[in-house]
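Inside the fold
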Amino acid sequence: MKVTLERNHLLKSLSHVHRVVERRNTYPILANVLFKASDDHVELRATDLDIEVTESVPAMVSTPGTTTVPAHTLYEIVRKLSDGAEVRLETDGGENMVLTSGRSRFNLACLSPDSFPDLKSGAFAHEFDVSAALLRELIERTQFAISNEETRYYLNGIYFHAVDNSQSGPLFRAVATDGHRMARAEIAAPEGARGMSGIIVPKKTVGEVQKLLDGVDGDVHVEVSDTKIRFTVGPVVLLSKLIEGTFPDYDRVTPKNNDKQMLVDRGAFAVAVDRVSTIASDRGGKAVKLQAHDGLLELSVTNPDHGTASEELAVDFDIDSFEIGFNARYLLDIITQIRSESAVFLFNDANSPTLVKEEGEANALYVLMPMRV
């Protein structure tokens, strides 16, 4: 193989594919990126056996060929080359790749491409195009609530599915929960996504897709089967396994009868929660108490080791007094997702889940479990 590439093109592609490569691998080949040179391009591919990312880079191909080289090492080399430099890659069919650029020369160990795994895609039952901006919004509004608890593996991702809504029409919905808080966001269902049954996209895949969508305009092509999902973002194709399991009935835990409404200035509330939680104890679950009375909301924290903190805010509350406690970090995670100037809290009682949403018609809502304080 003998090819010449522009450093910036190669770096951009490597930045996409090398991220899926784990630093520690049981199989040495999984630490490598596959190079396949043909015609006027080089195809790069990397996988961790759960995710596979493929991208083509324009190149001058003197001699076609295929090999694999260490992904992270190659990325670091190319990253440190001069901006706009020309990069030449050459193998003689042996166990080495020679990389030259200007006066720099590197000799990299190769592994045979014959043993490089191929994450077979199979047939896809659903495929559709969705705006990159809308898909990015679905992910941003829900991913913070993904669980990291491995025993409940079915919560380790975002649940995507189609919903038939008699008022809004077909919807494409994303849901994530860790049992303490739940995030739900939705958009109008694209053609092809309608009638799609639920799938759970793993957290790592969600993170990689989010990075691929950064700064992207236009549409993303999505293909879904019972076991895999494939995203095509420009020249990048990401294929991922889905989490096998049943996502819990989130609608059952979504409050329906929370009739105590409180409106609070989102920005002022976020600052106040962040401020008083400075002295909150991790041992106490970062607990913050909310006490509403006489048109004011008092936020308070008590830490036996460091003291107390409190702050008052003016709120619009339809009852005289109310008291409830929350984990401050969970509360901040949710309040930062609110886009309207005011956040709407809907309470039932101090022991029941609280509903948080934006003022007016919103395409996202959040559920937060209270805690004893």
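Overview of the structure. (Residues numbered from 1 in each chain as written. Predicted model: local features only at pLDDT ≥ 70, side-chain atom pairs only at ≥ 80, totals over all residues. Heavy atoms only, no water.)

1. Considering the sheet that holds strand β23 (residues 321–327)
The line we're drawing: The criterion for strand pairing is that DSSP finds at least two bridges linking the strands in question. In DSSP terms, a helix is any run of H or I states spanning at least four residues, a strand is any run of E spanning at least two, and both are numbered starting from the N terminus. To get an axis, a line is fitted to the C-alpha atoms, and for a helix only the part in contact is used. The angle between two axes follows their N-to-C directions and goes from 0 to 180 degrees. Whether two residues are in contact is decided by their heavy atoms: any pair within 4.5 Å suffices.
Pairing is antiparallel across the open sheet formed by four strands, whose spatial order is β21-β20-β19-β23. At either margin of the open sheet sits one strand with a lone partner, and together these are β21 (307–314) and β23. Between one strand axis and the next, the sheet turns by 20 degrees as a mean value, whatever way the strands run. On top of the sheet, helix α6 (residues 266–276) reaches β19 (287–293), β20 (296–303) and β21; it is set at about 170 degrees to β21, its chief contact.

2. Thoughts on the sheet that holds strand β8 (residues 96–101)
As a general point, the strands of a sheet are linked pairwise by backbone hydrogen bonds and lie either parallel or antiparallel. Strand order across the open sheet formed by five strands is β5-β1-β7-β8-β9, with antiparallel pairing between neighbours. Pairing within the sheet leaves two strands with one partner each, and these edge strands are β5 (60–63) and β9 (104–109). Across the sheet, the mean angle separating the axes of adjacent strands is 20 degrees when strand polarity is ignored. Pairing of β8 with β9 involves six bridges; the strand directions are antiparallel. Paired with V98 across the two strands is N107, which belongs to β9.

3. A look at the packing of helix α3 (residues 132–142) against helix α4 (residues 203–213)
Inclusion rule: Each angle gets one of four labels, with under 35 degrees taken as roughly parallel, over 145 as roughly antiparallel, 65 to 115 as roughly perpendicular, and the rest as oblique. If you view the pair so one helix is near and one far, a crossing is left-handed when the near helix is turned anticlockwise from the far one by less than a right angle, and right-handed when it is turned clockwise. For this classification, the nonpolar set comprises Ala, Val, Leu, Ile, Met, Phe, Trp, Tyr, Cys and Pro, the charged set comprises Asp, Glu, Lys and Arg, and every other residue, Gly included, is treated as polar.
Where α3 contacts α4, the two axes come as close as 10 Å, and the packing angle between them is 140 degrees. The pairing of α3 with α4 is recorded here as oblique in orientation. As α3 packs across α4, the resulting crossing turns out to be left-handed. On the side of α3, the interface is formed by A132, L135, R136, I139 and E140, while α4 contributes V206, V209, Q210 and L213. Residues that form the contact of α3 with α4 fall into these classes: six nonpolar, one polar and two charged.

4. Here's the deal with empty space enclosed by the protein
How we decide: Of the grid points, spaced at 1 Å and generated over the protein atoms alone, those admitting a 1.4 Å probe that cannot get out make up cavities, while open sets with protein on both sides within 12 Å along at least five of seven lines make up pockets; any residue with an atom within 4 Å of a point is treated as lining. Grid points are joined across faces, edges and corners, and a volume is the space filled by probe spheres set on the points.
Throughout the structure, instances matching the rule amount to two cavities of 30 Å³ or more. Its volume calculated, the largest cavity comes out at about 60 Å³. As for the largest cavity, its lining consists of F128, V130, L135, F160, F172, M196, I199, V201, V222, V224, I229 and F231. Among the elements of the structure, β10 (126–131), β14 (199–202), β15 (219–224) and β16 (228–233) are those that each provide at least two residues to the lining of the largest cavity. When grouped by side-chain class, the residues that make up the lining of the largest cavity number 12 nonpolar, no polar and no charged. By volume, the second largest cavity is sized at about 30 Å³. Looking at the lining of the second largest cavity, the elements that each hand over two or more residues are β19 and β23. Here the lining of the second largest cavity takes three residues from β19, the largest share from any one element. The residue makeup of the lining of the second largest cavity, split by class, is eight nonpolar, one polar and no charged.

Purely spatial values, then, with no claim about function.
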